[in-house]
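Topology and contacts: notes
Each chain, letter by letter, is given below.
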Amino acid sequence: MCDIIWCKDCDTVNYLDPYYFWNWEGKIKCAGCENVYYIYMIQGHMYKGPDKKPGEKPDILPVYADKPNDGYEEILPGTPGKTRPYNCLPRHIYLGRADMVKFSARGRPVRGWRPQPPSTGVAGSCSYTWDIQKLSPEVWQEYQEKIKKGEVSEW
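No experiment lies behind these values; they were computed from the predicted model shown.

**Describing the overall build of the protein**
- When you go through the protein residue by residue, the secondary structure sums to two helices and nine strands.
- For the protein, the α and β elements follow one another from N to C terminus as β-β-β-β-β-β-β-β-β-α-α.
- Long-range contacts, defined here as pairs at least 24 residues apart, represent 38% of the contacts in the protein between residues at least 6 apart.
- If you sum the accessible surface of the protein, you get close to 11,000 Å²; carbon and sulfur atoms cover 54% of it.

Put into structure tokens, the structure is as follows:
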């Protein structure tokens, strides 16, 4: 879902991607004409605007625009002077592999690490209750050390 600015002068719909404009205040240029609009968004909702600001310089361009009344003529991302490029880059914390988790946020052991011992069955399909001391002695030792240090909490 995204918010839009519909310019009535040139009949262009300017799409504002929700992640960039979630908490944002500034001026955005219409992709179809030279109109500049002031908007103020809080938590993804339009708090103020869009208000025309003629003659002012825009802070940013929309990511995509189209003209629905002209057969959906589209202005694609990265069109010079009209839209900004859409660089769909993940944040640096997403490396494309799963995290190996041995303990929950409260310090309790969980079954989210690999390799799982062969005794857990096919694809780690053991029962709800599992004997961590027998299946993974090294995790059991680490858990006992966490208990001694007071890093395990109830809630």
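**Thoughts on the packing of aromatic side chains**
- A full pass over the atoms with the stated rule returns three aromatic pairs.
- For the ring pair Y40 and Y47, a centre distance of 5.4 Å and an interplane angle of 85° mean the geometry is edge-to-face.
- Overall, Y47 belongs to the exposed group, its relative accessible area being 53%.
- Geometrically, the ring pair formed by W140 and Y143 is tilted, given 5.9 Å between the ring centres and 55° between the ring planes. Of this pair, W140 and Y143 both sit in helix α2 (residues 137-149), three residues apart, which is roughly one turn of that helix.
- For K8, the ring lying beneath its charged end belongs to W6, and the centroid distance is 4.6 Å.
- The side chain of K53 reaches across the aromatic face of Y38, ending 5.6 Å from its centre.

**Side note on the sheet that holds strand β3 (residues 24-29)**
- Strand order in the open sheet made by the three strands is β3-β4-β5, with antiparallel pairing throughout. Each edge of the sheet is formed by a strand with only one pairing partner; in this case those strands are β3 and β5 (45-52). Each strand of the sheet is rotated relative to its neighbour by a mean of 20°, with strand direction disregarded.
- Relative to strand β4 (residues 36-42), β3 is paired through six bridges, and the arrangement is antiparallel. By the bridge assignment for β4, G26 is matched with I39.

The rules behind these values
- Residues numbered from 1 in each chain as written.
- Predicted model: local features only at pLDDT ≥ 70, side-chain atom pairs only at ≥ 80, totals over all residues.
- Heavy atoms only, no water.
- Helix = DSSP H or I, 4+ residues; strand = E, 2+ residues; numbered from the N terminus.
- Contact = heavy atoms within 4.5 Å.
- Areas by Shrake-Rupley, 256 points an atom, 1.4 Å probe, with all protein chains shown as cover.
- Phe/Tyr/Trp six-rings, centres within 6.5 Å; stacked < 30°, edge-to-face > 60°.
- Buried < 20%, exposed > 50% of the residue type's maximum accessible area, 1.4 Å probe, protein only.
- Lys NZ or Arg CZ within 6 Å of the ring centre and 35° of its normal.
- Pairing = 2+ DSSP bridges.
- Axes fitted to C-alpha atoms, helices over the stretch in contact; angles between N-to-C directions.

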